[in-house]
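Overview (structure and organization)
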Amino acid sequence: MIKLYDFPQSPYCQKVRLVLAEKELSFDKVFVDLMKNEQKSPDMLRLNPYGKVPVLADEGEAIYDSTVINEYLEDEYPHPPLMPADSGARARVRMFEDFADNSFTAQGGLLAAELRKAAEQVDQDRVQRYRTDLIRVLEFLERQLEGKDYIAGEFSLADLAFIPRMLQLPKLGVEIPDRLRNVLSWTDRLLERASVRQLQQELGLV
Ligand SMILES: N[C@@H](CCC(=O)N[C@@H](CS)C(=O)NCC(=O)O)C(=O)O
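Note that the structure is a prediction, hence the values are computed from the model and not measured.

Overview of helix 1 (residues 11-22)
- The first and last C-alpha atoms of helix 1 sit 16 Å apart over twelve residues, in line with the 16 Å expected at 1.5 Å per residue.
- Within helix 1, eleven of the twelve residues are buried, which leaves it mostly tucked inside the rest of the structure.
- Restricting attention to buried positions, one finds in helix 1 the residues Pro11, Tyr12, Cys13, Gln14, Lys15, Val16, Arg17, Leu18, Val19, Leu20 and Glu22.
- Backbone geometry just downstream of helix 1 places Glu24 in the positive-phi region, at approximately 50°.

Dropping the structure here:
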């Protein structure tokens, strides 16, 4: 049985849960309490030297990093496919996924951390800067989505990588501007997927 070392609020764990749901794989969740620093326990550090979640254990392998995990799931459980066959398109999926993780998800994390501070300690300039950065990513996606239903053409790991933070945008005070029509219809398309609806339910968003 697949085991996922998980912290429910982590967007990187959510990214893996989305892929497990898309592939209809059953798995056991092991709750790793980041509030208690459990990710840095000796047992967790043996599984992931970075001391972070997610970690996936399957068939004697312990795999860390959401991108590596999702590619492992794609290799091991290829149906339904979440990667295109063509190597150029596969490279494009990987670049978008990297961009989702390192710009969108990471920047959203900085914004969320700022907003968690006591009201008098929140740096409004920083908040504004992070929100602008997120909108800039959405503008980039708008151009990429021109004439396409999904970022890399076919639905793929690239689309799934953006979902966790997309779902958090209202909470972060970021509204998708009406002019970003491609992004708005792409979002609607993604929200129709059972995997995304399930994640919304798990997060108490619907
Ligand atoms: N690149 C990693 C990032 C994982 C990550 O940053 N996880 C966070 C939770 S969102 C974590 O475990 N933080 C705890 C820590 O750094 O101690 C991935 O994609 O899996």
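Having seen the structure, we can now continue with the description.
Re the site of the ligand
- Near the ligand, the surroundings consist of 13 residues, among which Ser10, Tyr12, Lys52, Asp65 and Ser66 are the closest.
- In terms of residue class, the shell around the ligand is built from five nonpolar, five polar and three charged.

Some points on the packing of helix 1 against helix 3 (residues 66-76)
- Direction vectors running N to C along helix 1 and helix 3 enclose 10°, while the axes themselves pass 9 Å from each other. Judged on the interaxial angle alone, helix 3 and helix 1 are roughly parallel. Two secondary-structure elements touch here, helix 1 through Tyr12, Lys15, Val16, Val19 and Leu20 and helix 3 through Ser66, Ile69, Asn70 and Leu73.
- In terms of residue class, the contact of helix 1 with helix 3 is made up of six nonpolar, two polar and one charged.

A few points about the sheet that holds strand 2 (residues 27-31)
- Strand order in the open sheet formed by four strands is 2-1-3-4, with mixed pairing between adjacent strands. A strand with exactly one partner marks an edge of an open sheet, and here the two such strands are strand 2 and strand 4 (61-64). Strand-to-strand twist across the sheet, computed as the mean angle between neighbouring axes with direction ignored, equals 20°.
- Here strand 3 (residues 55-58) pairs with strand 4 via four bridges, running antiparallel. Within the sheet, the bridge partner assigned to Val55 lies in strand 4 and is Tyr64.

Some remarks on the pairing of strand 2
- Looking at chain direction, strand 1 (residues 2-6) and strand 2 are connected through five bridges and run parallel. Looking at strand 2, one finds that Ile2 is bridged to Phe27.
- As a crossover connection, the stretch from strand 1 through helix 1 into strand 2 is right-handed.

Regarding the nonpolar core
- The biggest cluster of nonpolar side chains holds 41 residues, and the ones touching the most others in it are Val16, Val19, Phe96, Leu157, Ala158, Ala161 and Ile163.
- In terms of residue count, helix 6 (residues 157-168) provides more of this core than any other element does, eight residues in total.
- Here this core gathers at least three residues from each of two domains, domain 1 (2-76) and domain 2 (87-202).
- Those residues in contact with Ala161 that sit more than four places away from it in its chain are Lys15, Phe96, Glu97, Ala100 and Asp101.

Considerations on the domain arrangement of the protein
- Partitioning the protein into structural domains gives domain 1 (2-76) and domain 2 (87-202).
- Here the C-alpha centroids of domain 1 and domain 2 sit 21 Å apart.
- Listed per partner, the contact involves twelve residues of domain 1 and 13 residues of domain 2.
- The element best represented in the side of domain 1 that touches domain 2 is helix 1, accounting for eight residues.
- The residue inventory of the side of domain 1 that touches domain 2, partitioned by class, reads five nonpolar, three polar and four charged.

So, the pairing of strand 3
- Examined bridge by bridge, strand 1 and strand 3 share three bridges and lie antiparallel to one another. Bridge pairing in strand 3 links Leu4 to Leu56.

Describing the packing of helix 4 (residues 87-116) against helix 6
- Between helix 4 and helix 6, whose axes approach to 8 Å, the crossing angle comes to 15°. Viewed along their axes, helix 4 and helix 6 adopt a mutual orientation that is roughly parallel. The two elements helix 4 and helix 6 cross, and the hand of that crossing is left-handed. Here Val93, Phe96, Glu97, Ala100, Asp101, Phe104, Thr105 and Gly108 of helix 4 lie close against helix 6, whose contacting residues are Leu157, Ala158, Ala161, Phe162, Pro164, Arg165 and Gln168.
- A per-class count over the contact of helix 4 with helix 6 returns nine nonpolar, three polar and three charged.

The rules behind the values
- Residues numbered from 1 in each chain as written.
- Predicted model: local features only at pLDDT ≥ 70, side-chain atom pairs only at ≥ 80, totals over all residues.
- Helix = DSSP H or I, 4+ residues; strand = E, 2+ residues; numbered from the N terminus.
- Expected span 1.5 Å × (residues − 1).
- Buried ≥ 20, exposed ≤ 12 C-beta atoms within 10 Å, placed from the backbone.
- Near = placed C-beta within 6 Å.
- Nonpolar A, V, L, I, M, F, W, Y, C, P; charged D, E, K, R; others polar.
- Axes fitted to C-alpha atoms, helices over the stretch in contact; angles between N-to-C directions.
- Parallel < 35°, antiparallel > 145°, perpendicular 65-115°, else oblique.
- Contact = placed C-beta atoms within 7 Å.
- Pairing = 2+ DSSP bridges.
- Right-handed = clockwise from strand over helix to strand, strands pointing away.
- Core = buried A, V, L, I, M, F, W, Y, C linked by C-beta atoms within 7 Å.
- Domains from an automatic or database assignment.
- Left-handed = near helix turned anticlockwise from the far one by under 90°.

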